[in-house]
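If you want the building blocks of each chain, they are given just below.
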Amino acid sequence: MSTELIKCENVSFSYDSLSVIRDLSFSVSSGDYLCIVGENGSGKSTLTKGILGLKSPTKGKIVKSPELRSDDVGYLPQQTPAQKDFPASVFEVVISGRLNSRGLRPFYSKKDKMMAHDNIRRLGIENLMYRSYRDLSGGQQQRVLLARALCAGKKLLILDEPVTGLDPIVTEEMYRLILELNRKEGISIIMVSHDITSAAKYADHILHLNFEKSFFGTTEDYIKSPMGRYFFSEEK
Amino acid sequence: MIEQITEMFQHSFMIRAMIGGTLVSLCAALLGVSLVLKRYSMIGDGLSHVGFGALAVSTAMGASAPLEVAVPVVVIAAFLLLRISENSKIKGDAAIALISTSALAIGITVAQMSSGLNTDINSYLFGSIIAMSQRDVIFCSVLSVVILVLFVFFYNKIFAVTFDENFAKATGTKAGIFNMVIAILSALTVVVGMKMMGSMLISSLIIFPAIISMRICKRFKTVMITSAVVSIICFFVGLVISYLYGSPTGASIVIVNLCTLILFIIIERIKKVIIRK
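Given the structure is predicted, the values throughout are model-derived calculations rather than measurements.

*Asks:* Can you help me understand the pattern of salt bridges in this one?
*Replies:* Pairing between side chains of opposite charge can happen when their charged atoms approach one another. Counting across every chain of the model gives 15 salt bridges over all chains. Through salt bridges with shared partners, a single network forms among Arg98, Arg102 and Asp112 of chain A.

Now the structure itself:
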């Protein structure tokens, strides 16, 4: 039933002639929840850019299933400092996710507005709709950006460190919300994360990037693997 | 006073200054919102210094139409400054300062060596109310039509690129082209506005209205509209003051902007106190 959405075959990336990722293969199928973990500089961001099509691999190829059109993919990037005090209403931010399906048509249609409203409701931020983005807390801002990502695509969400800078309670809420989107609505998730423990708790597949040997497989296998054992040994 | 204002518009140079200045203020305010929010305000400042250098050198070399020389030079500078700001975030501000002071130094040296600091150079530095020619007014009109059309039809894309370039790129908007177009239009606005405002002061037209409207506006659309309105009103008040009291035009407009900013900060504070109660 589940079809393969994205398949990476022997992919390598390099930055300034320095190779960051070497010979990596993995795939994401519909309904999967994949967490990409690894230390700083292991190429998580580079790989994300590759999946989004912003950077082409130096070797190998990233194949997207024909079912996955560009307006099926939602993206939650890391926040920039300039964004935190941006004067825009929550609605303006959320509806900007619809742009990818507008093409050259300049104005939003009724359908776009309805979708924005639906996603605002879905993430429980109706009360914030007319507030200014800059007046929101970090967790609220992340929810707004998640609603925008849902406006951009409903089959696959790519989340780049979605809990950075959030307090533990809000972090937990965010993880729950993402899990719910995956389980209840069948949206595939690719999440870049620093937090290996939470990754193993929520995701069903893990990609651990490591320059020498990367791991890709189910979470169960990951915990049993030498790499996973290193992180989860105390729990055993 | 009303008599004096009606009298003011009997001079054709004042009508030109009025029309040209209003259009430049409008263009600068719209572009400014995007530039300021993207942390590119220094580009406006850098462009004006490069513009001065180019004008001074071409005047010294006896070019019949110095503006035609300045436009391509400043457009090229816009490309360059944008590249610097995009690629090397850490050293970007220093690099812009290096470029702008160098251009200024070369301009002043060449001008003084060739003819002495004449009134032309002085008016390029600090602006002049009589500087707007018929051709400048036509240039301003075309430029503002282009900018208005761009901001109306691509408003949503400009919002997306300004708010979150990474997201915009990832979802298929060509953010690089928008940055480039905005940088080039800023270059043109700076060159044409420089004659009246002076190259030392023109970047204020880009930065002040955006900062002022961001004090009290909470939505992007209202920020845009408010800064356009504020910019035009400040320009008009500054121009009238400059005419009535003989104060320098560019400087008067900047001071009016400054007063407006202070007023808006006070309004913002009062609003906060009221909301807390």
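There's more to say after this.
*Asks:* Is there a simple way to explain helix H1 (residues 44–52) of chain A in this structure?
*Replies:* Every α-helix carries 3.6 residues per turn, so stepping three or four residues along brings you back to the same face. All names here are of chain A. Of all the nine residues making up H1, seven are buried; the element is thus mostly covered by neighbouring parts of the structure. Listed in full, the buried residues belonging to H1 are Lys44, Thr46, Leu47, Thr48, Gly50, Ile51 and Leu52. Gly53 sits one or two positions beyond H1 and adopts a positive phi of about 85 degrees.

*Asks:* Sorry, what's going on with the packing of aromatic side chains here?
*Replies:* Remark: the centre distance and the inter-plane angle together describe each pair of aromatic rings, the angle taken between the planes. Overall, the coordinates contain twelve aromatic pairs over all chains when judged by the stated rule. Between Phe86 of chain A and Phe220 of chain B, the ring centres sit 5.6 Å apart and the planes meet at 20 degrees, which makes this aromatic pair stacked. One end of the pair, Phe86 of chain A, is in the loop between strand E5 (73–76) and helix H2 (90–95); the other, Phe220 of chain B, is in helix H12 (residues 220–245), on a second chain. Grouping residues by exposure puts Phe86 of chain A and Phe220 of chain B together as buried. Taken together, the ring pairs connect Phe86 and Tyr133 of chain A together with Tyr155, Phe159, Phe163 and Phe220 of chain B into an aromatic cluster. Sitting over the face of the ring of Phe167 of chain B, Arg148 of chain A holds its NZ or CZ atom 3.7 Å from the ring centroid.

*Asks:* So what exactly am I meant to see when it comes to the interface of chain A and chain B here?
*Replies:* Interface extent is often summarised as the accessible area lost during association of the parts. At the junction of the two partners, chain A supplies 31 residues and chain B supplies 25 residues. Roughly 2500 Å² of surface becomes buried between chain A and chain B when both sides are summed, with 63% attributable to carbon and sulfur atoms. Our count for the contact surface shared by chain A and chain B stands at three salt bridges. A salt bridge links Arg148 of chain A to Asp164 of chain B, with the shortest nitrogen-to-oxygen separation between them at 2.7 Å. Linking chain A with chain B are 13 residue pairs in polar contact (both at pLDDT 80 or more). Of all the secondary-structure elements, those providing two or more residues to the side of chain A that touches chain B are E5, H2 and helix H4 (138–152) of chain A. Looking at the side of chain A that touches chain B element by element, the count peaks at four residues for H4 of chain A.

Definitions and cut-offs
Residues numbered from 1 in each chain as written. Chains lettered and ligands numbered in written order. Predicted model: local features only at pLDDT ≥ 70, side-chain atom pairs only at ≥ 80, totals over all residues. Heavy atoms only, no water. Salt bridge = Lys/Arg side-chain N within 4 Å of Asp/Glu carboxyl O. Buried < 20%, exposed > 50% of the residue type's maximum accessible area, 1.4 Å probe, protein only. Helix = DSSP H or I, 4+ residues; strand = E, 2+ residues; numbered from the N terminus. Phe/Tyr/Trp six-rings, centres within 6.5 Å; stacked < 30°, edge-to-face > 60°. Lys NZ or Arg CZ within 6 Å of the ring centre and 35° of its normal. Contact = heavy atoms within 4.5 Å. Buried area = accessible area lost by both parts, 1.4 Å probe. Polar contact = N/O pair within 3.5 Å; in protein donor to acceptor, adjacent residues only side chain to side chain.

As far as function goes, none of this settles anything; it's purely spatial.
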